[in-house]
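Reading the structure
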Amino acid sequence: MQVPVLTIDGPSGAGKGTVSRAVARQLQWHYLDSGSIYRSLAIASLKAGGNLENVEQVSQIAEQMQLEFDCQAELIVYLNGENISAELGKETTGNAASIVAAYPEVRARLLQKQKDFQRLPGLVADGRDMGSVVFPDAQYKVYLTASAAERGLRRYKQLIEKGIDANLEQITQEIEARDLRDQQRSVAPLTIPTGAIAIDSSDMTIDQVIERVMNLVR
Ligand code: C5P
């Protein structure tokens, strides 16, 4: 029996994580946060005292690292048995992830780990290349975006709410730099996958986006 897959791709800060988690919960499907795999790899490489520019070393770590995911209200990730959730969401981790994610060798090594998430009764997969490379045959594909200014503002508000000091201009610039790196890399660049419906969430509430995606699957 074919396991249904809903892919949700798009740039950082478009709301993919929140929407994917909510939809997975409503459908009672599994959830793959593929960004957390690249984030974990960045953390593992830095912990090993490694240099993110050293492709050989980073690919070896990608091959060897053991990841376990516990998807409760918040995603908990164990890297070789250690809970790394606190480091996972940091801006610096996201930026480091986009450096290691640009290496073709690394992406090849992480492909099967992601495909293994496709299990009954279904999967919601969130990332940059879910509908284009990892699950090209997915039944449902969404490309979720928002303007860089809006994404920067959302991220800024999240950080301020958490009591973390933040600079809106700097965050927006970092988002734009990450978009560019994700779009211009030679393998699996951020793109609208064939067959995906594009949703611009700039002027939508998160509930409206969730409803739109649920209507697609229903
Ligand atoms: O989505 P998230 O912000 O957690 O992703 C962190 C980084 O991981 C992205 O900027 C991107 O470079 C990389 N990534 C990727 N392919 C995916 C998911 C994330 O290259 N499917």
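See above for the structure.
Residues numbered from 1 in each chain as written. Predicted model: local features only at pLDDT ≥ 70, side-chain atom pairs only at ≥ 80, totals over all residues. Heavy atoms only, no water.

As for the environment of M204
Its place among the elements puts M204 in the loop between β8 (197–200) and α10 (206–217). Placed 58 residues apart in sequence, M204 and A146 show a C-alpha to C-alpha distance of 9.4 Å. Apart from the residues within four sequence positions on either side, M204 is in contact with R154, I199, V209 and R212. (Helix = DSSP H or I, 4+ residues; strand = E, 2+ residues; numbered from the N terminus. Contact = heavy atoms within 4.5 Å.)

A short note on the sheet that holds strand β3 (residues 67–71)
Pairing is antiparallel in the open sheet, where 3 strands are placed in the order β3-β4-β5. In this open sheet, the two edge strands, each paired with only one partner strand, are β3 and β5 (82–83). Where β3 meets strand β4 (residues 75–79), 5 bridges bridge the pair, whose relative direction is antiparallel. Opposite F69, over in β4, you have V77 as the bridge partner. Along the sheet, helix α2 (residues 34–47) makes contact with β3, β4 and β5, crossing β4 at roughly 40°. (Pairing = 2+ DSSP bridges. Axes fitted to C-alpha atoms, helices over the stretch in contact; angles between N-to-C directions.)

Considering the pattern of salt bridges
Evaluated as defined, the whole model comprises 10 salt bridges. For the salt bridge of D182 with R128, the shortest nitrogen-to-oxygen distance reads 3.3 Å. Linking D182 in helix α9 (residues 168–184) with R128 in the loop between β6 (123–127) and α7 (130–134), this pair joins segments that are 54 residues apart in sequence. Across the pair E150 and R154 runs a salt bridge, and its minimum N-O distance is 3.1 Å. With E150 and R154 both in helix α8 (residues 148–161) and 4 residues apart, the pair spans about one turn of that helix. Judged by its relative accessible area of 24%, E150 is partly exposed. Through salt bridges with shared partners, one network takes in K47, E82 and E87. (Salt bridge = Lys/Arg side-chain N within 4 Å of Asp/Glu carboxyl O. Buried < 20%, exposed > 50% of the residue type's maximum accessible area, 1.4 Å probe, protein only.)

A few points about the packing of aromatic side chains
A complete count under the given rule lists 1 aromatic pair for this structure. When the centroid spacing of 5.6 Å and the interplanar angle of 70° are considered together, the rings of F69 and F117 count as edge-to-face. Taken as a pair, F69 in strand β3 and F117 in the loop between α6 (104–115) and β6 lie far apart in primary sequence, 48 residues in all. By relative accessible area, F117 is classed as buried at 13%. (Phe/Tyr/Trp six-rings, centres within 6.5 Å; stacked < 30°, edge-to-face > 60°.)

Considerations on unusual backbone geometry
The residue after L120, namely P121, is reached through a cis peptide bond having omega 5°. Along the chain, P121 falls in the loop between α6 and β6. Of note, A188 is a non-glycine position whose phi angle comes to about 40°, a positive value. Inspection of the secondary structure puts A188 in the loop between α9 and β8. For A188, a relative accessible area of 13% gives the class buried.

Comments concerning the site of the ligand
Close contacts around the ligand come from 15 residues, with R39, R107, D129, R178 and D182 the closest. One of the side-chain N or O atoms of R107 is found 2.7 Å from an oxygen atom in the ligand. Within the side chain of D129, a nitrogen or oxygen atom sits 2.8 Å from a nitrogen atom of the ligand. Look at the ligand: alone it shows 460 Å² of surface, and the protein chains cover 95% of it. Of all elements in the fold, only α2, α5 (91–100) and α9 reach the threshold of two or more residues within the shell around the ligand. (Near = heavy atom within 4 Å. Polar contact = N/O pair within 3.5 Å; in protein donor to acceptor, adjacent residues only side chain to side chain. Areas by Shrake-Rupley, 256 points an atom, 1.4 Å probe, with all protein chains shown as cover.)

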